[in-house]
Amino acid sequence: MQKAAHVSDITDTVDPVFPQTTNSQIYDSFRDNSDLLVLAVVDTCGRVLGLIERHSFNLKMASEYGRALFGNKSVTTMMDTCPLTVEAETPLRDFMQATLAERASELLRGFIVTRDGAYAGVGTTLSILKAMNDDLQDSLLQQREMVSDLIRLSAESERHQSFLNTIIDNIPAMVLVKDAHSRVKLINPAGEDMLGVKRSDVVGKTSHDIFPAEQADTFTRSDRRVLASGEAVMIEEEAIYNGVRQRTVQLKKTVLRGPDGAPDSILTLGIDLTEQKAAEARIAQLAHYDPLTGLGNRTLYTHEIEQALSRVQRHGHHLALHCLDLDRFKTVNDSFGHLAGDALLRQVGERLRLCVRKGDFIARMGGDEFAIIQNIERPEDARCLAERVIEVMKSPFDINGIRLEAGVSVGIALAPEDAADANNLLSRADLALYRVKSEGRNGWCFYHAEMDAVVQQRLEMEHELRTALSEQQFQLHFQPLLNLDSGEVVSFEALLRWHHPHRGMVSPGEFIPVAEDSGLIGPIGDWVLREACRQAAQWPTPWRIAVNISPLQFRDGSLPRLVKDALKASGLDPRRLELEITESVLLADEKHNLKILNTVRDMGVRIAMDDFGTGYSSLSYLRAFPFDKIKIDQSFVRDLPHDQNALSIIRAISDMAEALGVHITAEGVETEAQMEALKAMNCREAQGYLIGRPAAAIEAYAAVKVA
Ligand SMILES: Nc1nc2c(ncn2[C@@H]2O[C@@H]3COP(=O)(O)O[C@H]4[C@@H](O)[C@H](n5cnc6c(=O)[nH]c(N)nc65)O[C@@H]4COP(=O)(O)O[C@H]3[C@H]2O)c(=O)[nH]1
């Protein structure tokens, strides 16, 4: 509905009447048109002469008398000659205000509306009431619309607010708002978690109300800083303690301004970097530390030794590099499994930590090798540390209830005395370590210049060994084994000899390890096997022939084929061939090597366990394979017949062998007394200088019979 703004909006355009119109005519018009309330009387120019109002007119004309009296008279006799008149474009509100104040009663009779002074229509209180009603309706409608707008806006703002709240509550970063006096206005759940507080406990409070003084001071300081600068402040890393644990957080503080532009609040956004920092630290740890022992790894060692050597150079310091190697790690690893090996390494790492001083560095270089960089003032300091290390390693390790002894060898090189660069220093400490190991392990040794010569000699020997085969410098010697029951020689052990063109006879103890290290043991061992079979096949008596097989000959799996070839080429009965292996064959890759042993045994070849008692002599090895013979190491025989320890060990081995149905043979028998003692302990065979030294010629033994 159109709102009535001007008088023209409520004007009824009723045709006017003229002065010559009679009252009877007017009466008829009123009678015929009940809506007609007011009539204007105008002259021919449209000028208003007066106004007839229905009710007062009808009052006069209602009776017959009235009609008779006034009926034929001109309308001018009954008209209001001074009616309320108003211009059409007058604002309705102004007209109403003015009329109600001054001529309210006239308003009830109706009024004339003019346009530029000429008649334009009439107005009635009814039209005014209608307009007012419309106005009222309009404003009611407007109000209703406004109310629904308000409801919609408030719902929208509520939605916005809850949308924002959801974001703030779920954002994985702290949102903390404080007022300009540093009182908490808002904190989200991530913030509660980060600071270890509850929203209900902190809102309205300052940092000093909430946190311990030191922490509160830190927060307040940064709040002040951001308020003073008025700019966003980034705090890359801040350590906070949330009552449970230390956390590392990154904070961004921003000033929020009020409508007047003055700082109103401080918004702090915080990201918890604790996990990220821990992950970074873990990555750095993995890159530089051995995960098993927690000691430095080879990468970190390289860095540390370079640093230490540059200190040596710049400040005239001295350092000792200790290279450590566990003596029995491989044995432990192979016989008790990798988990036991790992546990041993961990415990070794712990013990090493106890030996060193602050500033010294320990690394696990790989496997069972460790290195210590020690700051020293004099070589004596290095000796003390090495002795300490050997001492702490002496006591047995408890690995899941099993007591194990590891032992350690330590090689030491000094800087700047022995070498000033990392590579040379390490290889010299290694040389010293090598010396310790070759001298029986479980000791320490400083590097000496002559060790270089030893290495040189070893390299030379390796070179010469390569030509020894083609130059036919090898020869086999044979040592007899006597059956103690029958007193007859029953077999011979083939022992390799190297007739060096310049150095004369080189002992196998000297060159076999070099052959093993260089891989030459393969072709040399093959030659021994073929030569032993070839010669044995030609012996006048069908003695057995025993051949030493190095653990390294098991590696490539070709042993069964080589044995077969040697037997075939020589024509030797497989039952006359005996292979002597040591426990280490079963320690290393037990399954693979047992398969090889079984294949060889299936050919009819006998298998003997050599040097029994020197390694990790374990009943499990004897159970793992049906050995034909156990050879007791000469180190036990040497101390017979008086040494009680040797006697008990040999007796124990003998009992064990008897239980398993295996014969025992004693090595290194040099005296009659030893022989008698062995006989008394059920030893079935003996070998040693007493019976015969290793020799190239064996025929003489055909007749030997020892009583
Ligand atoms: N003191 C003393 N020693 C005695 C006595 N009876 C024998 N021997 C020595 O004891 C060693 C016995 O050999 P082994 O324990 O198998 O120990 C052997 C064996 O492990 C290794 N070897 C020798 N020949 C070969 C070979 O062809 N292949 C391999 N892989 N190793 C070999 O070299 C080691 C040393 O051999 P050899 O020097 O020939 O030393 C031999 C032998 O000469 C005695 O009554 N008193």
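Residues numbered from 1 in each chain as written. Predicted model: local features only at pLDDT ≥ 70, side-chain atom pairs only at ≥ 80, totals over all residues. Heavy atoms only, no water.

### Focus: the packing of aromatic side chains
By the definition in use, this model includes 13 aromatic pairs. Taken together, the aromatic side chains of Phe 474, Trp 498, Phe 511 and Trp 527 make up a single cluster linked through ring pairs. When the ring centre of Tyr 689 is taken as reference, the NZ or CZ atom of Arg 693 above it lies at 3.7 Å. (Phe/Tyr/Trp six-rings, centres within 6.5 Å; stacked < 30°, edge-to-face > 60°. Lys NZ or Arg CZ within 6 Å of the ring centre and 35° of its normal.)

### Description of the sheet that holds strand E4 (residues 111-115)
The strand order across the open sheet built from three strands is E3-E4-E5, with neighbouring strands paired in mixed fashion. The open sheet has two edge strands, strand E3 (85-87) and strand E5 (118-123), and neither has a second partner. Strand-to-strand, the axes of this sheet are offset by a mean angle of 35°, without reference to chain direction. Relative to E5, E4 is paired through five bridges, and the arrangement is antiparallel. Counted as the bridge partner of Thr 114 is Tyr 119 from E5. (Pairing = 2+ DSSP bridges. Helix = DSSP H or I, 4+ residues; strand = E, 2+ residues; numbered from the N terminus. Axes fitted to C-alpha atoms, helices over the stretch in contact; angles between N-to-C directions.)

### Looking at the side chain of Arg 351
Among the structural elements, Arg 351 can be located in helix H14 (residues 338-355). With near-sequence residues (within four places) excluded, Arg 351 lies in contact with Val 392, Met 393, Ser 395, Pro 396 and Phe 397. (Contact = heavy atoms within 4.5 Å.)

### Here we look at unusual backbone geometry
In the segment running from Ala 415 into Pro 416, the intervening peptide bond is cis, with an omega of 10°. Its place among the elements puts Pro 416 in the loop between strand E16 (408-415) and helix H16 (422-438). Between Leu 640 and the following residue, Pro 641, the backbone shows a cis peptide bond with an omega angle of 5°. With respect to the helices and strands, the residue Pro 641 is situated in the loop between helix H24 (634-637) and helix H25 (644-660). Backbone geometry places Asp 116, a non-glycine residue, at a positive phi of 55°. By relative accessible area, Asp 116 is classed as exposed at 74%. Its identity is not glycine, yet Asn 400 carries a phi of approximately 50°, on the positive side. By relative accessible area, which is 69% here, Asn 400 ends up exposed. (Buried < 20%, exposed > 50% of the residue type's maximum accessible area, 1.4 Å probe, protein only.)

### Some words on empty space enclosed by the protein
What the rule picks out here adds up to one cavity of 30 Å³ or more. In this structure, the largest cavity occupies an estimated 130 Å³ of space. Taken together, 18 residues make up the lining of the largest cavity; nearest its centre are Leu 176, Lys 178, Leu 195, Phe 211 and Phe 219. When residues of the lining of the largest cavity are traced back to their parent elements, those giving at least two are strand E6 (174-179), strand E7 (184-187), helix H9 (207-210) and strand E9 (246-257). Within the lining of the largest cavity, the residues separate by chemical class into 13 nonpolar, three polar and two charged. (1 Å grid on protein atoms, 1.4 Å probe; cavity = no way out; pocket = protein on both sides within 12 Å on 5 of 7 lines; lining within 4 Å. Points joined across faces, edges and corners; volume = space filled by probe spheres on them. Nonpolar A, V, L, I, M, F, W, Y, C, P; charged D, E, K, R; others polar.)

### Focus: the pairing of strand E22 (residues 577-581)
Burial runs high along E22: five of the five residues are buried. Looking at chain direction, strand E21 (residues 544-548) and E22 are connected through four bridges and run parallel. Among the inter-strand pairings, Asn 548 is bridged to a residue of E22, identified as Glu 580. Regarding topology, helix H20 (residues 559-570) serves as the crossover connection from E21 to the parallel E22, and that connection is right-handed. Taken together, the four bridges between E22 and strand E23 (residues 606-612) define a ladder with parallel strand orientation. Bridged to Glu 580 within E23 is Ala 608. (Right-handed = clockwise from strand over helix to strand, strands pointing away.)

### As for the nonpolar core
A general feature of soluble globular proteins is that nonpolar side chains tend to end up buried together. Of all hydrophobic cores here, the largest spans 78 residues; its most connected members are Leu 465, Ile 545, Leu 577 and Leu 579. Broken down by element, the residue count for this core peaks at seven residues, all from helix H19 (residues 521-538). Among residues more than four places away in sequence, those in contact with Leu 577 are Leu 529, Cys 533, Ile 545, Val 547, Val 563, Leu 567, Leu 572, Val 605 and Arg 606. (Core = buried A, V, L, I, M, F, W, Y, C linked by side-chain atoms within 4.5 Å.)

### Some words on the site of the ligand
Lining the immediate environment of the ligand, one finds 20 residues, of which Gln 479, Arg 497, Gln 634, Glu 670 and Tyr 689 sit closest. Gln 479 has a polar side-chain atom sitting 2.8 Å from a nitrogen atom of the ligand. Taking Gln 634, its side chain carries an N or O atom lying 2.8 Å from an oxygen atom of the ligand. Within the complex, the protein chains bury 81% of what would otherwise be the 790 Å² of accessible surface of the ligand. (Near = heavy atom within 4 Å. Polar contact = N/O pair within 3.5 Å; in protein donor to acceptor, adjacent residues only side chain to side chain. Areas by Shrake-Rupley, 256 points an atom, 1.4 Å probe, with all protein chains shown as cover.)

### Some thoughts on the packing of helix H12 (residues 298-315) against H16
Two measures define how a pair of helices packs: the angle their axes make with one another and the distance between the axes. Interhelical geometry of H12 versus H16 gives an angle of 110° and a closest axis separation of 10 Å. The orientation of H12 relative to H16 falls into the category roughly perpendicular. H12 and H16 meet at a crossing whose hand is right-handed. Of H16, the residues touching H12 (which contributes Arg 298, Tyr 301, Ile 305, Glu 306 and Leu 309) are Ala 422, Leu 425 and Leu 426. Grouping the constituent residues of the contact of H12 with H16 by class yields six nonpolar, no polar and two charged. (Parallel < 35°, antiparallel > 145°, perpendicular 65-115°, else oblique. Left-handed = near helix turned anticlockwise from the far one by under 90°.)

### Describing the pattern of salt bridges
All told, the structure shown has 39 salt bridges when counted by the stated rule. Linking Arg 247 and Asp 272 is a salt bridge whose minimum nitrogen-to-oxygen distance equals 2.4 Å. Placement of the pair is Arg 247 in strand E9 and Asp 272 in strand E10 (residues 263-272), with a sequence separation of 25 residues. For Asp 272, a relative accessible area of 24% corresponds to the partly exposed category. Measuring nitrogen to oxygen at the nearest pair gives 2.8 Å for the salt bridge that ties Lys 629 to Glu 685. Taken together, the residues Lys 629 in strand E24 (residues 629-632) and Glu 685 in strand E26 (residues 685-687) connect sequence positions 56 residues apart. Using a relative accessible area of 8% as the deciding quantity, one classes Glu 685 as buried. Put simply, Arg 544, Glu 578, Arg 606, Lys 629 and Glu 685 are held in one network by salt bridges that share partners. (Salt bridge = Lys/Arg side-chain N within 4 Å of Asp/Glu carboxyl O.)

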